Amino acid sequence: MQKPAGPAHRDPNVFRWLLAYAISCVANSAYFLALGWTANEIAGPAQVGWVVAAGAAPRALLMLVGGVIADRFGPRLVVIVSDAIRCAVILAFAAGLVFTSPTLWLLFTVALLFGVVDAFFMPSVSALPALITRQDQLVRLQGMRGFTLRLGNVAGPPFAGLAMGFGGPAAVFGAVGLLLALSLFLLVFVRTLPVHGGDKESAHPRGELWRDLMAAFAYARSRPLIGAVLLSIALVEIATVGPLNVGFLFLADDRGWGASGVGWIVGAFGAGAGASGLMLTWWANLPRPGAVYCGTMIAGSLAIGCFAWVDTLLVAVLAGAVVGGLLGLNGALALAFVQTATEPTMLGRIMSLGTLVGLGLAPFTIPVFGTVAASMGTDAVFLSCSALGLMGSGVVLTSSALRRAELAAPRADDARADLKP
């Protein structure tokens, strides 16, 4: 056994995971842009949504199953196997494009396969932070993860654009595959703690899959802190999807700011979220984190509603940075609370519940917000999203366990102090 090398931001094991995660984020962002761009080139805008949906649907449907598999076989093993399959699918697709032109059905197939594998990859990669560092370092690590996620999302599209200009679809998908291969190489050398009781969990026969799925919901309901955080995450994630994917587009069009205005606002939102992650990296010991969680959710939700009255681009950009910072801090604390309170043998399933809403179901609410904007105006999108966020805040305020929540201090018997390769 080997002890972690001090704080998370100085631990080589954490750094390997973080670098692998960053490379994977760049690859994912580049992949989705390349997929949409290629579909638009060969079939037109009407087909882009269908290709993206071909990957989103299996990801949403299988996310909870992915959490069960992560708990049965261990998140590290599932991450490595699923990342290897993702890499193989993309490299095979890129190799095929060297000899033939992309077709719509080929894009559908790749999107479908990638979405299926992502359903197993995402719960496992989300569970890993709790297995590579001590509990008292989880806030710092989640801050680092949030900053890395934003950085990867910003770097991915330009990377895809350069590769596309250099050699077309074959080049960009080949570059994505190589990034995934590098991420996989680093993940192989990430050490995790031994999960006690894991052998018993993995011994369940396949016929008991449904029982394991239901156990995740029962577990969340029986722990007031976990249940409250997961429900509030769901409402805030949906509240954020509306402005980012619909609201800012219509707002810029109404105010005459153009596409560049959208880019500035969304970029400011990402910069604010990244800055909050960077802050937590250096200032992890927040006083009264439960109260901070409540306050940032309320303030962030109210700030979303303020976009309904914004008339100048500069104010909108500043507001985007504020909302991103508040909700970025809120999201990092939410993950730290959940992972601190969850037993290691349940991490995959509990993280799959949170991931299911944010990255599985929330995108499907985009057409709803589009309909709201078309029928009631752009302002209604921001006001309804603000109301959803405040509903999440209400869940938080009614949970005494969450209001008074503290993040665990290091313990002598903390299993996270002993990591194995």
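All figures in this text were calculated on a predicted structure; none of them were measured in a lab.

1. Focus: the overall build of the protein chain
And step 1. A count of helical and extended segments in the protein chain gives 16 helices and 0 strands.
And step 2. When the 421 residues of the protein chain are sorted by exposure, 54% land in the buried category.
And step 3. The contacts of the protein chain with a sequence gap of at least 6 include a subset with a gap of at least 24, amounting to 88%.

2. Description of the packing of helix 3 (residues 75-99) against helix 6 (residues 138-188)
And step 1. Where helix 3 contacts helix 6, the axes come no closer than 8 Å and their chain directions differ by 160 degrees. Taken together, the axis directions place helix 3 and helix 6 in an arrangement best described as roughly antiparallel. Seen from above, helix 3 lies across helix 6 with left-handed handedness.
And step 2. Its residues placed into classes, the contact of helix 3 with helix 6 shows 20 nonpolar, 3 polar and 3 charged.

3. Notes on the packing of aromatic side chains
And step 1. Inspection of the entire model under this criterion finds 11 aromatic pairs.
And step 2. Relative to Tyr-21, the ring of Trp-17 has its centre 5.2 Å away and its plane inclined at 15 degrees; by these criteria the two rings are stacked. With Trp-17 and Tyr-21 both in helix 1 (residues 12-43) and 4 residues apart, the pair spans about one turn of that helix. Here Trp-17 matches Tyr-21 in class, with each residue buried.
And step 3. Their ring planes at 70 degrees and their centres at 4.7 Å tell us that Phe-93 and Phe-173 sit as a pair that is edge-to-face. Within this pair, whereas Phe-93 is found in helix 3, its partner Phe-173 is found in helix 6, the two being separated by 80 residues in sequence. For the pair shown, Phe-93 and Phe-173 are each scored as buried.
And step 4. Aromatic ring contacts, followed pair by pair, group Tyr-31, Phe-32, Phe-93, Phe-114 and Phe-173 into a single cluster.
And step 5. The ring centre of Phe-121 lies 3.9 Å from the NZ or CZ of Arg-86, which sits over that ring.

4. Thoughts on the environment of Ile-238
And step 1. With respect to the helices, strands and loops of the structure, Ile-238 is situated in helix 9 (residues 224-255).
And step 2. Taking the C-alpha atoms as reference points, Ile-238 and Gly-389, 151 residues apart in sequence, are found 8.2 Å from one another.

5. Considering the environment of Ile-298
And step 1. The residue Ile-298 is located in helix 11 (residues 289-306) in this model.
And step 2. Sequence separation between Ile-298 and Gly-389 is 91 residues, and the spatial gap between their C-alpha atoms is 7.4 Å.
And step 3. Those residues in contact with Ile-298, other than ones at most four positions away along the chain, are Leu-390, Ser-393 and Leu-397.

6. Section: the confidence of the model for the protein chain
And step 1. Per-residue pLDDT for the protein chain has a mean of 82; in total, 87% of the residues score no lower than 70.
And step 2. When the elements of the protein chain are averaged for pLDDT, helix 7 (residues 198-202) gives the smallest value, 42, and helix 3 the largest, 93.
And step 3. Residue range residues 1-5 is modelled with pLDDT below 50. Its contacts to residues more than four positions away, or to other chains, number 18 contacts.
And step 4. In the predicted structure, residues 409-421 sits below a pLDDT of 50 and forms 39 contacts with residues beyond four places in sequence or in another chain.

7. Some thoughts on a nonpolar patch on the surface
And step 1. Together, Phe-73, Leu-77, Val-81 and Ile-85 make up a nonpolar patch on the protein surface, roughly 360 Å² of accessible area in all.
And step 2. Here the nonpolar patch gets 3 residues from one element, more than from any other, and that element is helix 3.
And step 3. Assignment of secondary structure puts Ile-85 in helix 3.

8. Considerations on helix 15 (residues 378-397)
And step 1. Along its 20 residues, helix 15 runs 29 Å from first to last C-alpha, staying within 8% of the 28 Å computed at 1.5 Å per residue.
And step 2. Inspection of helix 15 places Thr-378, Ala-380, Val-381, Phe-382, Cys-385, Ser-386, Gly-389, Gly-392, Ser-393, Val-395 and Val-396 among the buried residues, and these make up the whole buried set.

9. Points about the side chain of Arg-72
And step 1. Following the sequence through the fold, Arg-72 ends up in helix 2 (residues 45-73).
And step 2. With relative accessibility at 8%, the residue Arg-72 sits in the buried group.
And step 3. A polar contact of 3.1 Å, which involves the side chain of Arg-72, links it to the side chain of Asp-212.

10. A few points about the pattern of salt bridges
And step 1. If you walk through the whole model with that rule in mind, you get 8 salt bridges.
And step 2. Where Asp-212 meets Arg-72, a salt bridge forms, and the shortest distance between an N and an O atom there is 3.1 Å. One end of the pair, Asp-212, is in helix 8 (residues 209-222); the other, Arg-72, is in helix 2, with 140 residues separating them in the sequence. Of the two residues examined, Asp-212 and Arg-72, each falls in the buried class.
And step 3. Taking the shortest distance from any N to any O, the salt bridge between Arg-211 and Asp-212 comes out at 3.9 Å.
And step 4. Of the residues examined, Arg-211 reaches a relative accessible area of 44% and is grouped as partly exposed.
And step 5. Several salt bridges share partner residues, and in doing so they unite Arg-59, Asp-83, Arg-86 and Asp-118 into one network.

11. Comments concerning the packing of helix 1 against helix 6
And step 1. Viewed as axis vectors pointing N to C, helix 1 and helix 6 meet at an angle of 45 degrees, and their least axial separation amounts to 4 Å. In this view, helix 1 runs oblique relative to helix 6, as classed from their interaxial angle.
And step 2. Counted by class, the contact of helix 1 with helix 6 contains 34 nonpolar, 8 polar and 2 charged residues.

12. A word on the nonpolar core
And step 1. Among the nonpolar cores identified, the biggest contains 120 residues, and Trp-17, Tyr-293 and Phe-307 are the most heavily contacted of them.
And step 2. Take this core: its biggest share by element is 16 residues, from helix 6.
And step 3. Beyond its immediate sequence surroundings of up to four residues, Tyr-293 is in contact with Val-229, Ser-232, Ile-233, Asn-330, Leu-333, Ala-334, Phe-337, Val-396 and Leu-402.

13. What to know about helix 6
And step 1. End to end, helix 6 covers just 21 Å across 51 residues, shorter than the expected 75 Å (1.5 Å per residue, more than 12% under).
And step 2. Gly-167 marks the point of greatest bend in helix 6, at about 135 degrees, and the proline Pro-169 comes within the next four residues.

14. A few points about the side chain of Ser-276
And step 1. Relative to the assigned elements, Ser-276 resides in helix 10 (residues 258-282).
And step 2. At 3.3 Å, the side chain of Ser-276 and the backbone nitrogen of Leu-329 are in polar contact.
And step 3. Those residues in contact with Ser-276 that sit more than four places away from it in its chain are Gly-324, Gly-325, Gly-328 and Leu-329.

Thresholds applied
Residues numbered from 1 in each chain as written. Predicted model: local features only at pLDDT ≥ 70, side-chain atom pairs only at ≥ 80, totals over all residues. Heavy atoms only, no water. Helix = DSSP H or I, 4+ residues; strand = E, 2+ residues; numbered from the N terminus. Buried < 20%, exposed > 50% of the residue type's maximum accessible area, 1.4 Å probe, protein only. Contact = heavy atoms within 4.5 Å. Axes fitted to C-alpha atoms, helices over the stretch in contact; angles between N-to-C directions. Parallel < 35°, antiparallel > 145°, perpendicular 65-115°, else oblique. Left-handed = near helix turned anticlockwise from the far one by under 90°. Nonpolar A, V, L, I, M, F, W, Y, C, P; charged D, E, K, R; others polar. Phe/Tyr/Trp six-rings, centres within 6.5 Å; stacked < 30°, edge-to-face > 60°. Lys NZ or Arg CZ within 6 Å of the ring centre and 35° of its normal. pLDDT = per-residue confidence, 0-100. Patch = residues over 30% accessible without salt bridge, like charges linked within 9 Å, V, L, I, M, F, W, Y side chains within 5 Å. Areas by Shrake-Rupley, 256 points an atom, 1.4 Å probe, with all protein chains shown as cover. Salt bridge = Lys/Arg side-chain N within 4 Å of Asp/Glu carboxyl O. Expected span 1.5 Å × (residues − 1). Polar contact = N/O pair within 3.5 Å; in protein donor to acceptor, adjacent residues only side chain to side chain. Core = buried A, V, L, I, M, F, W, Y, C linked by side-chain atoms within 4.5 Å. Bend = angle between axes of the 7 residues up to and from the residue.

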